[in-house]
Amino acid sequence: MRNYILTGCVLLGSFQMTAQDLLTILDKETPKSENVVTATFKGTRIVNGHSIKNRKSKELEFIIAHRFGRVNTGFEELFGLDQANIRFAFEYGVTDDLTAGLGRSSFEKTYDGYLKYALIKQKKGANNFPFAVSLFGSVAAKSQKAVVGSERTFAESLYYVGQVLIAKKVNASFSVQITPTYVHRNLTAVAADPHDIFALGFGTRLKLNKRVSLNAEYYQQFDKLVSIVARNSLAFGVDIETGGHVFQIILSNAITMVEKSFITESTGNFFNGDIHLGFNLSRTF
Amino acid sequence: MKIIYTLFLFLFVAFFANGQERFLTKTGTISFFSKSPMENIEAENSQVLSIVDADSGQMAIAILMQSFLFEKALMQEHFNENYVESEIYPKATFKGNIIDFDKISATETPVKIFGVITIHGESQKITIEAIAKKTQVAILMTGDFYINLADFAVDIPSIVRNKIAQKIKVSFRFNHKPYK
């Protein structure tokens, strides 16, 4: 009798082994793939400044963005809505890692072009790497006619920005980015204005649910223009994803959307009510 | 002493059976199709792992969700980020039994597979009808079935409800080869 029970146990045990093993074998046989961390940010901008997100290869995006006047201008100006800076732009994924953009802002009739390249990607699994690094460069050209007496050449209308975007998706809902920035202007308003300004940007996004995230962005300047009361750029945004679009609603102390401008030329005091309401609308083709 | 021999015999048989009679593929294909008035969505994953135990007729499948390729990159991102939440649930699995496995011949034989499918962390019992073909060197299984997104707690927001079907057609093709 004892023999039968023992035999039974072993039989049962070996069958059990087979039953349990199949998925374990598949686990073992799964190739160790490297997982590139995606969707660190939903949009190509955190708020005003660029995020590490690129357009995919051959993807064309049309962006219409608005920044209205200051909300503290009161009822007569309908809280800033009477005044608006509009920028429309085309952004194109040359490859999955390289995005090119061309835009035009109504503010100072500024044209801008940029290139953004994903240098290093955050990875999990095989070739684990803790953060992502992208390189960004832009040129802006002011085309608004100068007042008589202060005419400028085309070269004097140019501004350059270089950025290193270092981002980390900490978990599914929280991402951060640090953005060392260099801004150069060929022409300054007064001699005391610096031609070169270094700044350090901090950006973050917090996902409130699967489709809505809260973003914040701050650029600390290490040198400031003296011809204006320059302040550091501070902005908050809400990203709402609706299928093929990302819709961003923005509160910012800058009326501009071009890097050289909102980083170094913001004059609004956010906590004094110098807040510009704005939105970014994009359509991907 | 006899009992020891018996035990060894069984263990040996069990071990031998485990080692020899399994068929595996790492390049199985699973595709799905969502048909809706607004938009048809299609995705394919050709890195699916599937294993069949030819002794017991048991079958297991493991699917890496991030390996599904979509026509549009944005769809793929939304699939992983918003719907199946690949970061939290990287794999979908199936474990079950092929009914009447012994009757599968070298010609196409209709079979039923009964088991549990796990997607998005939710498990459901399922019966899948498939066509199977078995030779000494391969077990081929193909077929399709429907899954209901609500059964797997995949939430479809109202704004895209007419772009994504509630019932998704899933097709598979596994050409298993002897394992080891």
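Relevant structure appears above.
Calculation criteria
Residues numbered from 1 in each chain as written. Chains lettered and ligands numbered in written order. Predicted model: local features only at pLDDT ≥ 70, side-chain atom pairs only at ≥ 80, totals over all residues. Heavy atoms only, no water. Pairing = 2+ DSSP bridges. Helix = DSSP H or I, 4+ residues; strand = E, 2+ residues; numbered from the N terminus. 1 Å grid on protein atoms, 1.4 Å probe; cavity = no way out; pocket = protein on both sides within 12 Å on 5 of 7 lines; lining within 4 Å. Points joined across faces, edges and corners; volume = space filled by probe spheres on them. Nonpolar A, V, L, I, M, F, W, Y, C, P; charged D, E, K, R; others polar. Phe/Tyr/Trp six-rings, centres within 6.5 Å; stacked < 30°, edge-to-face > 60°. Buried < 20%, exposed > 50% of the residue type's maximum accessible area, 1.4 Å probe, protein only.

### Quick look at the pairing of strand 11 (residues 212–221) of chain A
All names here are of chain A. As judged from the 9 bridges shared by strand 10 (residues 196–207) and strand 11, these two strands associate in the antiparallel manner. By the bridge assignment, Ala 199 is partnered in strand 11 with Gln 221. The pairing of strand 11 with strand 12 (residues 233–242) spans 8 bridges and is antiparallel. For Leu 214, the partnering residue across the bridge sits in strand 12 and is Val 238.

### Considering empty space enclosed by the protein
Left-over empty space is what a probe sized like a water molecule reveals as it rolls over the atoms. Residues and elements named next belong to chain A. In the structure shown here, the tally under the stated rule is 5 cavities of 30 Å³ or more. Size it by volume and the largest cavity reaches roughly 250 Å³. For the lining of the largest cavity, the secondary structure elements donating two or more residues are strand 2 (60–70), strand 13 (245–252) and strand 14 (276–284). A per-class count over the lining of the largest cavity returns 7 nonpolar, 9 polar and 6 charged. A volume near 40 Å³ is recorded for the second largest cavity. Around the second largest cavity, the lining residues are Ser 105, Phe 107, Glu 108, Thr 110, Thr 256, Val 258, Lys 260, Ser 261 and Glu 265. Each residue belonging to the lining of the second largest cavity can be placed in one class, and the counts come to 2 nonpolar, 4 polar and 3 charged.

### A word on the packing of aromatic side chains
Residues and elements named next belong to chain A. Going through the model one piece at a time under the given rule, you end up with 17 aromatic pairs over all chains. Aromatic side chains Phe 62 and Phe 90 sit 5.0 Å apart centroid to centroid with 35 degrees between the ring planes, which places their arrangement in the tilted category. Of this pair, Phe 62 sits in strand 2 while Phe 90 sits in strand 3 (residues 84–93); the two residues are 28 residues apart in sequence, bridging distant segments of the chain. For Phe 62, a relative accessible area of 24% gives the class partly exposed. A centroid spacing of 5.5 Å and a plane angle of 65 degrees characterise the contact between Phe 236 and Phe 270, whose relative ring orientation is edge-to-face. In this pair, Phe 236 is assigned in strand 12 and Phe 270 in the loop between helix 2 (259–264) and strand 14, connecting sequence segments 34 residues apart. By relative accessible area, Phe 236 is classed as partly exposed at 34%.

By themselves, these figures tell us nothing about what the structure is for.
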